[in-house]
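# Coordinate inspection notes
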Amino acid sequence: MKNYRVTIYFSSVIEVEAENESDAEDKADRIFKDGCNVIPIPDEYEVECLDEEED
């Protein structure tokens, strides 16, 4: 077995009511930081082998 580091990049979909885009971003940021009703969606995986390759 080999050792790997896996980095997972996430997106989250948050719906908010706002007056404009800036207000929507601020509200979404507060909701995300509080962690309530946020479901992370994995976007991309980056896999790196940590073991040295044999010659």
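Look up a bit, the structure's there.
A few points on the structure.

The rules we used
Residues numbered from 1 in each chain as written. Predicted model: local features only at pLDDT ≥ 70, side-chain atom pairs only at ≥ 80, totals over all residues. Heavy atoms only, no water. Helix = DSSP H or I, 4+ residues; strand = E, 2+ residues; numbered from the N terminus. Rg over C-alpha atoms; globule rule 2.2 N^0.38 Å. Buried < 20%, exposed > 50% of the residue type's maximum accessible area, 1.4 Å probe, protein only. Contact = heavy atoms within 4.5 Å. Areas by Shrake-Rupley, 256 points an atom, 1.4 Å probe, with all protein chains shown as cover. Lys, Arg positive; Asp, Glu negative; His and termini not counted. Charge placed at Lys NZ, Arg CZ, Asp CG, Glu CD. Salt bridge = Lys/Arg side-chain N within 4 Å of Asp/Glu carboxyl O.

### Observations regarding the overall build of the protein chain
Counting its secondary structure elements, the protein chain contains one helix and two strands. Taken from the N to the C terminus, the helices and strands of the protein chain come in the order β-α-β. The C-alpha atoms of the protein chain give 18 Å as radius of gyration, which overshoots the globular expectation for 55 residues (10 Å, by more than 25%). Structurally, the protein chain occupies a C-alpha span of about 60 × 20 × 15 Å along its principal axes. Classification of the 55 residues of the protein chain by burial places 4% in the buried group. Of the contacts formed within the protein chain by residues at least 6 apart in sequence, a portion of 76% connects residues at least 24 apart. Summing over all exposed atoms, the protein chain offers an accessible surface of approximately 5,400 Å²; the carbon and sulfur share of this is 45%. When the 5 basic and 18 acidic side-chain charges of the protein chain are each reduced to a single mean position, those positions are 6 Å apart.

### With respect to the environment of Glu19
Within the secondary structure, Glu19 is located in the loop between strand S1 (4-12) and helix H1 (21-34). Separated by 14 residues in the primary sequence, Glu19 and Lys33 place their C-alpha atoms 21 Å from one another.

### Here's the deal with the pattern of salt bridges
Where charged atoms from two side chains of opposite charge approach closely, those side chains can pair. For the structure shown, the criterion picks out three salt bridges. Put simply, Glu48 and Arg5 hold a salt bridge, and the shortest N to O gap is 3.5 Å. Placement of Glu48 in strand S2 (residues 40-49) and of Arg5 in strand S1 is noted, with a sequence separation of 43 residues between them. By relative accessible area, which is 43% here, Arg5 ends up partly exposed.

Any link to function would need more than the numbers given here.
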